[in-house]
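This is what each chain is made of:
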Amino acid sequence: PLSWQSHSSYRATQCFAFVHDVCDDGLPYPFPDGILDVILLVFVLSSIHPNRMQGVVNLLSKLLKPGGMLLFWDYGRYKSQLRFKKGHCLSENFYVRGDGTRAYFFTKGEVHSMFCKASLDEKQNPVDCHLRVNRKKQVKMHRVWVQGKFQKPLHQTQNSSNMVSTLLSQDWTL
């Protein structure tokens, strides 16, 4: 068992915690689509290449049951990303740290668009800005995070879902 599953407070009947590679399209989930009440994404999407993010969100949206919530917390754009040194930028707003982990910095609009394209309704999408101070080193650090709370509609017919997908896939350039 995973470490949290052996904790005395863990109740498998109330919470089904598991580890899964959201980028592996061929890896099945241990349950059917449309069954989850809540999905928690904390610093998950920022580590994924920007070209794959929408596909991951679309897949996760399918796992939610009607009325289910997807909770999101990740890096916000601008001040936080200024700390990266030259040579660490992989693509626009996508960076690699010294330890090899990656970080994408989101805007509120990007988050809104990504989750709404996955047929989720935005309930909250605030930007959280903080000034952190390391008193020992006398260093001020500006941090920006984007949070989101998105809900799968209670009543979504297959027909309306197909219509939204068709509209989103069309080229609307003039």
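In short, a report on the structure. Computed from a predicted structure; not experimentally measured.

### Here's the deal with the overall build of the protein chain
What the protein chain contains, in helices and strands, is three helices and eight strands. When its helices and strands are written in sequence order, the protein chain yields β-α-β-β-β-β-α-β-β-β-α. Expressed as a percentage of the 174 residues in the protein chain, the buried residues total 32%. Accessible area for the protein chain stands at about 11,600 Å²; split by element, carbon and sulfur atoms hold 55% of it.

### Focus on a nonpolar patch on the surface
On the surface, a cluster of nonpolar side chains totalling about 260 Å² of accessible area is made up of Leu40, Val42 and Phe43. Along the polypeptide, leucine 40 turns up in strand S1 (residues 36–42).

### Brief notes about the nonpolar core
Counting 26 residues, the largest nonpolar core has Leu45, Leu60, Leu70, Phe72, Phe106 and Phe115 as its most contacted members. If you list the elements that add at least two residues to this core, you get S1, helix H1 (50–63), strand S2 (64–75), helix H2 (108–117) and strand S8 (139–151). Residue contributions to this core peak at five residues, all from H1. Residues contacting phenylalanine 115, with those up to four places away along its chain left out, are Leu41, Leu45, Val57, Leu70, Phe72, Leu120 and Phe150.

Cut-offs used in this document
Residues numbered from 1 in each chain as written. Predicted model: local features only at pLDDT ≥ 70, side-chain atom pairs only at ≥ 80, totals over all residues. Heavy atoms only, no water. Helix = DSSP H or I, 4+ residues; strand = E, 2+ residues; numbered from the N terminus. Buried < 20%, exposed > 50% of the residue type's maximum accessible area, 1.4 Å probe, protein only. Areas by Shrake-Rupley, 256 points an atom, 1.4 Å probe, with all protein chains shown as cover. Patch = residues over 30% accessible without salt bridge, like charges linked within 9 Å, V, L, I, M, F, W, Y side chains within 5 Å. Salt bridge = Lys/Arg side-chain N within 4 Å of Asp/Glu carboxyl O. Core = buried A, V, L, I, M, F, W, Y, C linked by side-chain atoms within 4.5 Å. Contact = heavy atoms within 4.5 Å.

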